[in-house]
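Fold and contact review
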Amino acid sequence: MDRNVRTTDDVLALMDGLFAPEADRWTAGGASWWDDFYADRSKEVPFFVDKPDESLDAYLRRGLITPGRALDLGCGPGRNALHLASLGFDVDAVDLSPAAIAWARERADEAGARGIRFQRGDAFALTAAGAALAGPYDLIHDSGCFHHLPPHRRISYLALLERCLAPGGYFTLTCFAAGEGGMGSELPDAELYRAGGLQGGLAYPPEALRRIFSGLTEIELRRMNDEAPASPLFGEPFLWTALFRSAAQR
């Protein structure tokens with residue numbers, strides 16, 4: 001008889017198991033799915049391009065964010081980590097997938113990039129209290145990680161921000177947008193558990209993002225610009241981009 005639930009982490013792990021194994025994109029067990037996803041680098045996947053998010057570039061050019069210590073969550077092939085490092089940031093970049101990290105390191109070597117430490121593993125474990133990436137970080141950037149989390153893991157995500165983001169630090173987010181021209185599943189949270197999957201990723205309306213991240217100050221929340229193929233920047237209008245700031249004192 002299994003009666004092992006005692007802590008919040010036990011509850012979260014139990015809820016992870018409510019999803020079919022092939023739906024897993026967020027635990028260490030999901031790494032093989034992402035490895036398969038990254039295996040063919042020639043696929044026409046928008047974020048395979050070696051270009052930083054137009055929003056991140058804009059925040060930097062406008063002086064809203066200045067160089068410091070940065071954490072890139074779900075870094076993929078490293079396009080945003082490389083951009084941050086090129087501008088003087090000291091970057092920790094994390095991804096579940098060994099294939100993604102290998103690609104990111106290749107890009108960094110080709111660019112002669114310095115100041116980036118690529119880490120393969122579960123971001124929640126790697127940033128736990130006392131762990132190597134516990135922070136504090138002046139900037140936490142997420143381009144495409146958050147919308148692959150099941151609803152209960154928002155608790156883990158907010159805890160990561162709480163322990164790792166420096167007072168007065170910035171959090172930048174790029175995620176699937178609900179509504180016209182958006183992308184991702186708009187099923188209610190409860191229905192996702194009944195379906196046993198995340199339908200490829202969750203779409204968010206703006207009011208949901210504001211509610212989830214209400215402990216931070218919103219600076220900007222908008223649809224991403226649609227960048228042309230010839231642009232040096234990445235931008236797709238089916239995504240939200242957001243900039244939040246933590247309180248200067250806690």
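Structure first, text after, so check above.
One structure accompanies this document, and this report is about it. (Residues numbered from 1 in each chain as written. Predicted model: local features only at pLDDT ≥ 70, side-chain atom pairs only at ≥ 80, totals over all residues. Heavy atoms only, no water.)

**Overview of the overall build of the protein**
- Within the protein, the regular secondary structure consists of 9 helices and 7 strands.
- Expressed as lengths along the three principal axes of its C-alpha atoms, the size of the protein is roughly 55 × 45 × 35 Å.
- With 250 residues in all, the protein has 51% of them scored as buried.
- By sequence separation, contacts in the protein at least 24 residues apart represent 72% of the contacts at least 6 residues apart. (Helix = DSSP H or I, 4+ residues; strand = E, 2+ residues; numbered from the N terminus. Buried < 20%, exposed > 50% of the residue type's maximum accessible area, 1.4 Å probe, protein only. Contact = heavy atoms within 4.5 Å.)

**Description of the pattern of salt bridges**
- This structure, assessed with the given rule, holds 14 salt bridges.
- With a shortest N-O distance of 3.0 Å, Arg 117 and Asp 90 are connected by a salt bridge. Highlighted residues: Arg 117 in strand E3 (residues 116–120) and Asp 90 in strand E2 (residues 90–95), separated in sequence by 27 residues.
- Looking at Asp 90, the relative accessible area reads 31%, which means it is partly exposed.
- Arg 154 serves as the salt-bridge partner of Asp 189, at 2.8 Å between the closest nitrogen and oxygen. Of this pair, Asp 189 sits in helix H8 (residues 189–195) while Arg 154 sits in helix H7 (residues 153–164), placing them 35 residues apart in sequence. (Salt bridge = Lys/Arg side-chain N within 4 Å of Asp/Glu carboxyl O.)

**Thoughts on the state of the cysteines**
- Inspection of the entire model under this criterion finds 0 disulfides.
- Counting only cysteine sulfurs, Cys 145 is the nearest neighbor of Cys 75, a cysteine outside any disulfide, at a range of 10.0 Å.
- The exposure class assigned to Cys 75 is buried, which follows from its relative accessible area of 6%.
- Of all cysteine sulfurs, the one in Cys 145 lies closest to Cys 175, which takes part in no disulfide; the gap is 11 Å.
- By relative accessible area, Cys 175 is classed as buried at 0%. (Disulfide = S-S within 2.5 Å.)

**Notes on helix H4 (residues 79–86)**
- Summarising burial for H4: 7 of the 8 residues are buried, a large majority.
- Inspection of H4 places Arg 79, Asn 80, Ala 81, Leu 82, His 83, Leu 84 and Ala 85 among the buried residues, and these make up the whole buried set.
- Buried residues belonging to H4 abut helix H3 (54–61), strand E1 (69–73), E2, helix H5 (98–111), E3 and strand E4 (137–143).
- A positive backbone phi angle near 100 degrees is found at Gly 88, which sits one or two residues after H4.

**Here we look at the sheet that holds E1**
- A sheet is described by the order of its strands in space; here 7 strands give the open sequence E3-E2-E1-E4-E5-E7-E6, paired in mixed fashion. Unpaired on one side and paired on the other, E3 and strand E6 (217–223) mark the two borders of the sheet. Taken over all neighbouring pairs, the strand axes of this sheet differ in orientation by 15 degrees on average, direction set aside.
- In this sheet, E2 lies alongside E1 in parallel orientation, the contact comprising 5 bridges. Counted as the bridge partner of Ala 70 is Val 91 from E2. (Pairing = 2+ DSSP bridges. Axes fitted to C-alpha atoms, helices over the stretch in contact; angles between N-to-C directions.)

**With respect to the environment of Arg 69**
- Secondary-structure assignment places Arg 69 in strand E1.
- Note on Arg 69: relative accessible area 23%, which makes it partly exposed.
- Through-space distance from the C-alpha of Arg 69 to that of Ala 166 is 9.6 Å; in sequence the pair is 97 residues apart.
- Separated by 3.5 Å, the side chains of Arg 69 and Tyr 137 make a polar contact. (Polar contact = N/O pair within 3.5 Å; in protein donor to acceptor, adjacent residues only side chain to side chain.)

**Some words on the packing of H3 against H4**
- One can describe the packing of H3 onto H4 by two numbers: an axis separation of 11 Å at closest approach and a directional angle of 15 degrees. Here H4 runs roughly parallel to H3, going by the angle between their axes. Our pair here, H3 against H4, has a crossing hand that is right-handed. Across from Leu 56, Asp 57 and Leu 60 in H3, the residues of H4 making contact are Asn 80, His 83 and Leu 84.
- Among the residues forming the contact of H3 with H4, the class breakdown is 3 nonpolar, 2 polar and 1 charged. (Parallel < 35°, antiparallel > 145°, perpendicular 65-115°, else oblique. Left-handed = near helix turned anticlockwise from the far one by under 90°. Nonpolar A, V, L, I, M, F, W, Y, C, P; charged D, E, K, R; others polar.)

**Digging into unusual backbone geometry**
- Geometrically, the link from Gly 135 to Pro 136 is a cis peptide bond, its omega value of 5 degrees lying close to zero.
- Within the secondary structure layout, Pro 136 lies in the loop between helix H6 (123–126) and E4.
- Here the phi dihedral of Gln 199 falls at roughly 55 degrees; this positive angle occurs in a residue that is not glycine.
- With respect to the secondary-structure elements, Gln 199 resides in the loop between H8 and helix H9 (206–212).

**Notes on the nonpolar core**
- Core analysis: the biggest nonpolar cluster contains 36 residues, and Ile 140, Tyr 157, Phe 171 and Phe 213 have the highest contact counts within it.
- Excluding residues that lie within four positions of it along the chain, Phe 213 makes contacts with Phe 146, Tyr 157, Leu 158, Leu 161, Phe 171, Leu 173 and Phe 244.
- Among the nonpolar cores identified, the runner-up in size contains 21 residues, and Cys 75, Ala 81, Ala 93 and Ile 101 belong to it. (Core = buried A, V, L, I, M, F, W, Y, C linked by side-chain atoms within 4.5 Å.)

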